[in-house]
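Reading the structure
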Amino acid sequence: MVWYFFRRLFLVIPTLVGVSIAVFAMVRLIPGDPALAMAGPHATPDYVQQIRLRLSLDEPLHVQYDRFMSGLLQGDLGRSTRTQRPVTAELWDKFPHTVELTLASLLIATAFGLPAGIISAAKRYSIFDNLSMLIALLGVSMPVFWLGLMLMLLFSVTLGWLPSVGRGSLLHLILPALTLGASSMAFVARITRSSMLEVLRQDYVVTARAKGLRERRVIYEHALKNALIPVVTVMGLQLGILLGGAVLTETVFAWPGVGRLMVDSIQARDYPVVQGAVLLLAVSFVLVNLLVDMTYALLDPRIKYN
Amino acid sequence: MRRLLARVRSWEFVRQLRRNRMAVFGLAIVLIFLLAALFAPYLSPHDPLQRSLRQALDGPSWESPFGRDELGRDILSRVLHGARISLTIGLVSVGIGALAGVPVGAVSGYFGGAVDLLVQRLVDIMLAFPGILLAIIVVSTLGVGLTNAMIAVGIGTIPTYVRLVRGSVLSIKEYDYISAARAVGAGDLRIIFRHVLPNSMGPIVVQSTLQFAVAILWAAGLGFLGLGAQRPTPEWGAMLANSRMYIRVGAHATIFPGVAILLSVLGFNLFGDGLRDALDPRLRGRM
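What counts and what doesn't
Residues numbered from 1 in each chain as written. Chains lettered and ligands numbered in written order. Predicted model: local features only at pLDDT ≥ 70, side-chain atom pairs only at ≥ 80, totals over all residues. Heavy atoms only, no water. Helix = DSSP H or I, 4+ residues; strand = E, 2+ residues; numbered from the N terminus. Buried < 20%, exposed > 50% of the residue type's maximum accessible area, 1.4 Å probe, protein only. Contact = heavy atoms within 4.5 Å. Buried area = accessible area lost by both parts, 1.4 Å probe. Salt bridge = Lys/Arg side-chain N within 4 Å of Asp/Glu carboxyl O. Domains from an automatic or database assignment. Polar contact = N/O pair within 3.5 Å; in protein donor to acceptor, adjacent residues only side chain to side chain. Nonpolar A, V, L, I, M, F, W, Y, C, P; charged D, E, K, R; others polar.

Take the overall build of chain A next. The helix and strand tally for chain A stands at twelve helices and zero strands. Its helices and strands taken in sequence order, chain A reads α-α-α-α-α-α-α-α-α-α-α-α from the N to the C terminus. When its C-alpha atoms are laid out on the principal axes, chain A stretches across 85 × 55 × 30 Å. By the burial criterion, 51% of the 306 residues in chain A qualify as buried. In chain A, the share of contacts with a sequence separation of at least 24, taken over all contacts with a separation of at least 6, comes to 70%.

Counting residues at the interface gives 42 residues for chain B and 49 residues for chain A. Buried surface at the junction of chain B and chain A, both sides included, amounts to about 3900 Å², of which 75% is carbon and sulfur. At the boundary of chain B with chain A, the tally comes to one salt bridge. One salt bridge in this structure joins R190 of chain A and D273 of chain B, with 3.7 Å as the shortest N-O distance.

Take the domain arrangement of chain A next. All names here are of chain A. Under the domain assignment used here, chain A contains domain 1 (2–73) and domain 2 (94–299). Taken together, the contact pairs 21 residues of domain 1 with 16 residues of domain 2. For the pair domain 1 and domain 2, the summed buried surface comes to about 1600 Å²; carbon and sulfur atoms form 80% of the total. Where R8 meets D293, a salt bridge forms, and the shortest distance between an N and an O atom there is 2.5 Å. Here domain 1 is connected to domain 2 by two residue pairs in polar contact (both at pLDDT 80 or more). Looking at the side of domain 1 that touches domain 2, the elements that each hand over two or more residues are α1 (2–28), α2 (34–39) and α4 (61–73). Sorting elements by how many residues they give to the side of domain 1 that touches domain 2 places α1 first, with 14 residues. Residue classes in the side of domain 1 that touches domain 2 are distributed as 16 nonpolar, three polar and two charged.

With that settled, consider the pattern of salt bridges. Residue and element names in this part refer to chain A. Applying the stated criterion across every chain, the model contains 15 salt bridges over all chains. Here D129 ties to R193 by a salt bridge, and the two come within 2.8 Å at their closest N and O atoms. Within this pair, whereas D129 is found in helix α6 (residues 127–141), its partner R193 is found in helix α8 (residues 170–200), the two being separated by 64 residues in sequence. Of the two residues, D129 and R193, neither departs from the other in class, the shared state being buried. A salt bridge links E198 to R201; its shortest N-O distance comes to 3.5 Å. The exposure class of E198 is partly exposed, given its relative accessible area of 31%. The class of R201 is exposed, set by a relative accessible area of 51%.

As structure tokens, then:
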């Protein structure tokens, strides 16, 4: 078991190194002269040269990567070309907001998706089942930014119940979290349903029924516990996916998170911030997945650790 | 005899597909969008780029069934031309993903060993950028624009194909007919392309259909973020990015392009799910 954890940890290292190389390469692979592209079309030659020197783009690649990595390991991601502040400071301002939004979305996705999936499986082919699976199907096909706009149209523009943009009270959180959580909700509902159906076919459930237990007890005490194992994994993986999906939702609701910072920075050619944001989102995603894998191993004793 | 068998099999497969009402519904949606894309210039009542500021944000009418956008352009015409763009995006990026991902996945699964290890680590790295993030990175490097967005989405779909084909090759290469091919002296490349890949076509076709939906979603997302198609291109995501500023005065301009995205994605998803059920009898009756 301990060995499995070590092995899993060990496997993450090449991925993280690869991510750092990808983020490093992002800027260097800009077609033409990267310094020119970063400075923008109206920059003076002096400014272009200044950028070239600051990113040491005039040095050999391995020297550049060496600088990049040693900065990275010391928590130095360079400075924003827009605000001149350290990139890490920019990121730490925004990251908690993204985490807040992501966790709230996961909470909503679980609070609605899980019961919907359980009831759908228990009452298979009922109106509730068909209806919630139809909604789940729509949830998977819905462009997240458009769902955000439609919720905004309904709840803030037409009904005036909720604020449409920005971050502040808990009320500000509802629409963005609902938007971001919708597709996860659909996914959790579908997985819960199929996992429950799978478990309900098992012999021990048949035995429980044969013993004369009430259907309610069979479902909630015998079946649910085992059906939840894959669901917990899926929820963990969704957390990582939500981090990536936050980019679009944050843009719709002007939510001051890392995703929006990244998009704004791309448009402003503020590459150090873009690199920092990409790195932060990818590393969080990898680490969350690692944690999920380990939790999964703890939850399900049937998993082999070799 | 082989031809006859193939025909019977395809007939059985078509029968299975036709029995699945949702899949037929999905296919119908896909075909409608395909027709809209092919005949957009003939179906459009107006020029999709023609501005008419006097009619800006006018609601739906007989003259403009979907209304006018913030510059007075006819939204129906723009949505129809948008179908061309979105289906092209889907085709190009799924093409890139499949052309790059299928051979790499096949080689990785077939040869195993160091090649496999290397490829899988590379895929791990690509998958470390969740969802649309990989496409965003590619676009921010190559520069914004429709063509680069297609390339970006295509690159974003490569890992899915590599994983899928690798898994399928791993199971197929254990079959006796592969050993037989090797015994009569067939080379590795011949075995991969003549014997292994044709037998994993089913999952690849299913995946491509589902990936088409993902590509449309991602490209619209990039357009919405201002990283994909640029104005005045009538791309659905970019249309939403422009019209959302006017959501309080002209909601219709934010509704119709989104409905187009939703329906086309839904169509490909339903059809893809149906194809999977029809091709894989073990899955029948589940989910």
